[in-house]
Structure formats: C-alpha cells, structure tokens
Amino acid sequence: MENINTVLRKGFQTWTHNLNICIPFFLNIFAGIFAMFVMFMAAVIIFIMPAMQDITTDPTNINPEMAFEVLTAAFYDNMGLFILLFIAAFVVSTLISSYFYGGAIGMAKKALKDGSTSINEMFKSGKKNLSNLFLTRFIVILIILAGIIFVVPGILAIGDLSILIQNPEEAFSGTLILVFGIFVWIFYAIVVKLVFTFAEYALVVGGLEPLEALEEGFSFFMNNKLDTVILWLILIGLSILTGVAGEVLSSIEILSTFWSFADFVLSFAVIQPLTVLWWTRMYLSGKSTQFYDIDDYLKFQR
C-alpha cells in the first residue's frame, strides 16, 4: 500500500488533471436544494395554507404570535403526516446524494486508473450503484441510531422532561447524565463513520453488495487504521482551516461577500473532489491496483 504522502500528492495531481470530478458535487447540492424546495412547498400547500385560511382576522393584522399558534396547531393536528414528509425528505436526499456520490467515486476510480475521466462515468456509476449505496448508507445510519441507548439513562434519570424545562435545578444530576450520554453518542457516531469509511468505496470500486461492502470496509480499516486516521485528521484540519479563514475574512466587510462565494466553490470544487480521490486511491492502493502514473506523463511532456 502507498504511504500517505504518495496518496496525497498523486491524488492531488489526478485532481488537477481531472477538474470535472467536481461536477457530481455541484449537481448534488443543486438537486438537493430543488428537492427540499419541492418538499417545503408541499408542506405549505398541504398543512400551512389550510390552517391560515381558518383565520378570520384580516391577514394584514396577523402578528407573529398568532401565526406561530396556527402553525403549532397545524403541526400537532397533522403530526403523523409531518413525520412521513420528514422521512420522505430524508429518503429523497439520501437517494440523491447516493447517486451523485456513487458517480463521483466511479469518476475517481477511472481517473486514477486511466488518467482521465468523463461525466458519462458519473451517470454510469451513479445509476449502477444507486440502490446498493443507498442501502449501505441506511444500514450505517441504523447502526449510529442504535447509539441512542447511551442517552436512555439520562432520560430515565430526568423522568418528566417538562421538569427540565420548568425547573432545571431539580433535574441537575439527570441532566449531567443526559449530556454525558449525548457526548458518548456523538463519539460513537464518529467511530462508526470512521470504521466504515471504506464501505462505500469498496461497494463502488469492487461492485460489492451492501453487507459485503460493510464487511470489506471494516476489514480494510482494521488493516490500515493509522493511515485512515491520519487522512481523516488531515481532512478535518482542512475543514477547520477553511472555517478559521472564513471567520477572519468575514470580519472584513469588503472580503466577506467574496469569501462566501469562494468558500462555496472551495468546498465543492476542491475539498470534496480531493476527499473522494484520496479515499479512493488509498483503498485501491491497498488492493494493489495499477495506477496511471502522472509523473511519467509529466516527464514525457517535458
């Protein structure tokens, strides 16, 4: 398997020669926004508009408190439908991201092995792996949700949650247990995501079924724990670095608007494509894959 420096350097070189790998990530965000807008409009038409029609007051005299009461009543009266709509929104967003993320991994695989890739590879790989990648992500989410057991003791210790809101001092000890449980759950979720980092790559690259991909991803992580953690920390560091840069530049009025746009482009055109390329290369190198050597190409060009 290649060392982490080689993975980073050659993954970056592949990105510089295949900038079209950013396309799936832009399409994913725009498709996701459109889908959520459709869901929001459906909620407005189904729930909010009928509730607002029941108000006999002149619409110009409706204050925020009155509108909030109407919306709250509409929510409680249609809680089951709201939950179904939320689940539908989650399923749709996961399907969309599974399609484009599967396409991005397919493009990365081809770029790393052949030296170049195309948008057609995104459509091909996204369509081929849509259902299996969705199921893999769903299983990982269920595993993470199983961590809710860590917050159960805190909930039981508090008892009636209304006490926590009305008189927090009476539920202080239970609150501490609950907060501790939430932190443990967050840590557990991070570990689960880290352990199964390569499951999606194994599925797309190796053409595996969901359970096979999870098993292969776990096995690959256990055999390459140090390199996986190092790359994960590097990616976390990049996120922190861009966040700090955003805080600094946003305090300068002239640069704040520019940075908002630059941060958007940086995330979807640079960081996310590099992330997929680096993880894909690490996985492929662990499988002794023969890569397209960009260094040889650059030497030939000279």
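Please refer to the structure placed before this passage.
Remember, predicted model here, so these are calculated numbers, not experimental data.

Participant: Tell me what's going on with the overall build of the protein chain, and back it up with residues and numbers.
Facilitator: On a plain count of helices and strands, the protein chain comes out with 13 helices and zero strands. Its helices and strands in sequence order give the protein chain the pattern α-α-α-α-α-α-α-α-α-α-α-α-α, from N to C terminus. Burial analysis of the protein chain (302 residues in total) assigns 38% to the buried set. Taking the contacts inside the protein chain whose residues are at least 6 apart along the sequence as the reference set, 76% of them involve residues at least 24 apart. Split by element, the accessible area of the protein chain, about 17600 Å² in all, is 70% carbon and sulfur.

Participant: Provide a residue-level description of helix α11 (residues 225–250), including the pertinent values.
Facilitator: Here α11 contains 26 residues, and its C-alpha end-to-end distance of 37 Å stays within 8% of the 38 Å for a straight helix at 1.5 Å per residue. Every buried residue of α11 is accounted for by T228, L231, L235, T242 and G246.

Participant: Lay out the packing of helix α5 (residues 119–145) against helix α9 (residues 199–206) with the relevant residues and their values.
Facilitator: It is the contact of α5 with α9, at a shortest axis distance of 10 Å, that shows an interaxial angle of 145°. For the pair α5 and α9, the sense of crossing is right-handed. From α5, S125, N129, N132, L133, T136 and R137 reach across to α9, where they touch A199, E200, L203 and V204. Broken down by class, the residue content of the contact of α5 with α9 amounts to four nonpolar, four polar and two charged.

Participant: Could you give an account of helix α10 (residues 210–223), naming the residues involved and the relevant values?
Facilitator: Along its 14 residues, α10 runs 20 Å from first to last C-alpha, staying within 8% of the 20 Å computed at 1.5 Å per residue. Buried within α10 are the following residues: P210, A213, L214, E216, G217, F220 and F221.

Participant: Tell me about the packing of α11 against helix α12 (residues 253–286), residues and numbers included.
Facilitator: Look at α11 against α12: their axes get within 10 Å of each other, and the N-to-C directions meet at 175°. It follows that α11 is roughly antiparallel to α12 by the angle criterion. Residues D227, T228, L231, W232, L235, L238, T242, A245, G246, L249 and S250 of α11 pack against L255, S256, W259, D263, L266, I271, T275, W278, W279 and M282 of α12. Taken together, the residues of the contact of α11 with α12 break down into 13 nonpolar, six polar and two charged.

Participant: Provide a residue-level description of the nonpolar core, including the pertinent values.
Facilitator: Membership of the largest hydrophobic core comes to 42 residues, with the highest contact counts inside it found for F25, I105, L231, V276, W278, W279 and M282. Taken together, the elements giving at least two residues each to this core come down to α1 (4–16), α2 (23–53), α4 (79–114), α5, α9, α10, α11 and α12. With sequence-adjacent residues up to four places away left out, L231 is seen in contact with I4, L8, W278, W279 and M282. Among the nonpolar cores identified, the runner-up in size contains 10 residues, and V192, V195, A199 and F221 belong to it.

Participant: Could you give me a rundown of the pattern of salt bridges, with the residues and numbers involved?
Facilitator: Under the defined criterion, the tally for this structure stands at four salt bridges. In this structure, the salt-bridge partner of D114 is K110, at a minimum N-O distance of 3.0 Å. One end of the pair is D114 and the other is K110, both in helix α4 and four residues apart, which spans about a single turn. Of the residues examined, D114 reaches a relative accessible area of 43% and is grouped as partly exposed. The salt bridge involving E216 is made with K287; its shortest N-O contact spans 2.6 Å.

Participant: How would you explain the environment of F100 if you had to name every residue and give the values?
Facilitator: Looking at the secondary structure, you find F100 in helix α4. The spatial distance from the C-alpha of F100 to the C-alpha of N28 is 5.9 Å, given a sequence separation of 72 residues. The residues contacting F100, other than those within four sequence positions of it, are P24, L27, N28, A31 and M122.

Cut-off values and rules
Residues numbered from 1 in each chain as written. Predicted model: local features only at pLDDT ≥ 70, side-chain atom pairs only at ≥ 80, totals over all residues. Heavy atoms only, no water. Helix = DSSP H or I, 4+ residues; strand = E, 2+ residues; numbered from the N terminus. Buried < 20%, exposed > 50% of the residue type's maximum accessible area, 1.4 Å probe, protein only. Contact = heavy atoms within 4.5 Å. Areas by Shrake-Rupley, 256 points an atom, 1.4 Å probe, with all protein chains shown as cover. Expected span 1.5 Å × (residues − 1). Axes fitted to C-alpha atoms, helices over the stretch in contact; angles between N-to-C directions. Left-handed = near helix turned anticlockwise from the far one by under 90°. Nonpolar A, V, L, I, M, F, W, Y, C, P; charged D, E, K, R; others polar. Parallel < 35°, antiparallel > 145°, perpendicular 65-115°, else oblique. Core = buried A, V, L, I, M, F, W, Y, C linked by side-chain atoms within 4.5 Å. Salt bridge = Lys/Arg side-chain N within 4 Å of Asp/Glu carboxyl O.

By themselves, these are just geometric observations and shouldn't be taken as functional.
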